[in-house]
Amino acid sequence: MVMKNCPPQFKADAVALYESRPDATIRSVAADLGINPETLRNWVRAAGASRPRGRRTQEPAQPPAPLEAENAALRKKVRELEEEREILRKAARYFAGETRR
């Protein structure tokens, strides 16, 4: 594994990014920055940054049912439109004289 010497400003920015995104994990922030999660964890500890443990985001007890139904209907419509688009593409290739095998 390649060892990187990161400038102090990059370390501070990485810690600030982690602190500014309460729903993000160390692993996800490290992946976004292209660094090892343990490296970021060490930087966060060294900076004395902390966030509350446990659930990071509050989820509603019951998601709104109308939105779920609407989302399901929209997903179904998207699938139908994608199928229709594929059929039209195949027909266009057929009528244009193109054949793919």
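Predicted, not measured: the structure shown is a model, and the values here were computed from it. (Residues numbered from 1 in each chain as written. Predicted model: local features only at pLDDT ≥ 70, side-chain atom pairs only at ≥ 80, totals over all residues. Heavy atoms only, no water.)

## Considering the pattern of salt bridges
Item 1. Following the criterion strictly, the structure yields two salt bridges and no others.
Item 2. Taking the shortest distance from any N to any O, the salt bridge between Asp 32 and Arg 21 comes out at 3.1 Å. Taken together, the positions of Asp 32 in helix α2 (residues 26–33) and Arg 21 in the loop between α1 (8–20) and α2 put the pair eleven residues apart, joining distant regions of the chain.
Item 3. Among the residues examined, Arg 21 registers a relative accessible area of 28% and is labelled partly exposed.
Item 4. Note that Arg 41 and Glu 38 form a salt bridge whose closest N and O atoms lie 3.1 Å from each other. Taken as a pair, Arg 41 and Glu 38 lie in helix α3 (residues 37–47) at a separation of three residues, close to a single helical turn. (Salt bridge = Lys/Arg side-chain N within 4 Å of Asp/Glu carboxyl O. Helix = DSSP H or I, 4+ residues; strand = E, 2+ residues; numbered from the N terminus. Buried < 20%, exposed > 50% of the residue type's maximum accessible area, 1.4 Å probe, protein only.)

## Quick look at the nonpolar core
Item 1. Core analysis: the largest hydrophobic core is formed by eleven residues, namely Ala 14, Val 15, Tyr 18, Ala 24, Ile 26, Val 29, Ala 30, Ile 35, Leu 40, Trp 43 and Val 44.
Item 2. Residue assignment for this core shows that the elements contributing at least two residues are α1, α2 and α3.
Item 3. When residues no more than four places from it in sequence are discounted, the contact partners of Ile 26 are Tyr 18, Pro 37, Leu 40 and Arg 41. (Core = buried A, V, L, I, M, F, W, Y, C linked by side-chain atoms within 4.5 Å. Contact = heavy atoms within 4.5 Å.)

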